[in-house]
Amino acid sequence: MLTMAAPRTTPTGWTLRAVVSAHVVAIVGQPVFAGVYLTGDFDSLRWHAIGADVVTSIGYLQVIVAIVGWIRLHQVWPFLATTAVVAAETVQYFAGLDGALWLHIPLGVMTVVALVVLFIAVWSRPLPRREVRNA
């Protein structure tokens with residue numbers, strides 16, 4: 001009797017999970033720093049700016065890991081989702097630098113939500129290598 005083993009997450013999948021997890025931890029601090037700033041602690045704006053640099057850097061690292069995942073795992077959805085999140089983060093970053101709070105704040109909320117959804121997606125199922133089918 002032949003049994004199929006359950007798909008297991010590969011090292012590439014675990015790397016993607018780790019980077020997405022670090023990205024979520026970093027991005028969750030951003031509204032906290034912004035909120036503390038809005039209560040009158042003006043030094044928190046500096047922490048918010050540093051946090052923006054960290055979040056953006058992790059986001060670009062996540063794009064690289066997602067490209068590796070696309071190549072090695074033959075799964076494109078993490079790359080597409082990551083690219084969408086990082087594009088929104090980049091627009092949001094420059095809107096913040098420009099002082100366009102009408103765009104910065106709502107796009108920031110949407111970006112946090114999108115990244116949390118991506119976090120749930122990469123942790124809710126295995127990330128195995130998929131077989132390539134010839135057409």
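Residues numbered from 1 in each chain as written. Predicted model: local features only at pLDDT ≥ 70, side-chain atom pairs only at ≥ 80, totals over all residues. Heavy atoms only, no water.

Re unusual backbone geometry
Its identity as a non-glycine residue notwithstanding, His 74 has a phi of 60°, on the positive side. Of note, His 74 is situated in the loop between helix H2 (44–73) and helix H3 (77–98). (Helix = DSSP H or I, 4+ residues; strand = E, 2+ residues; numbered from the N terminus.)

As for the nonpolar core
Counting 15 residues, the largest nonpolar core has Leu 16, Leu 115, Val 122 and Leu 127 as the members making the most contacts within it. Among the secondary structure elements, those contributing two or more residues to this core are helix H1 (11–38), H2 and helix H4 (101–124). Counting residues per element, this core draws most heavily on H1, at six residues. Beyond its immediate sequence surroundings of up to four residues, Leu 16 is in contact with Gln 62, Val 65, Ala 66, Pro 78, Val 122 and Leu 127. (Core = buried A, V, L, I, M, F, W, Y, C linked by side-chain atoms within 4.5 Å. Buried < 20%, exposed > 50% of the residue type's maximum accessible area, 1.4 Å probe, protein only. Contact = heavy atoms within 4.5 Å.)

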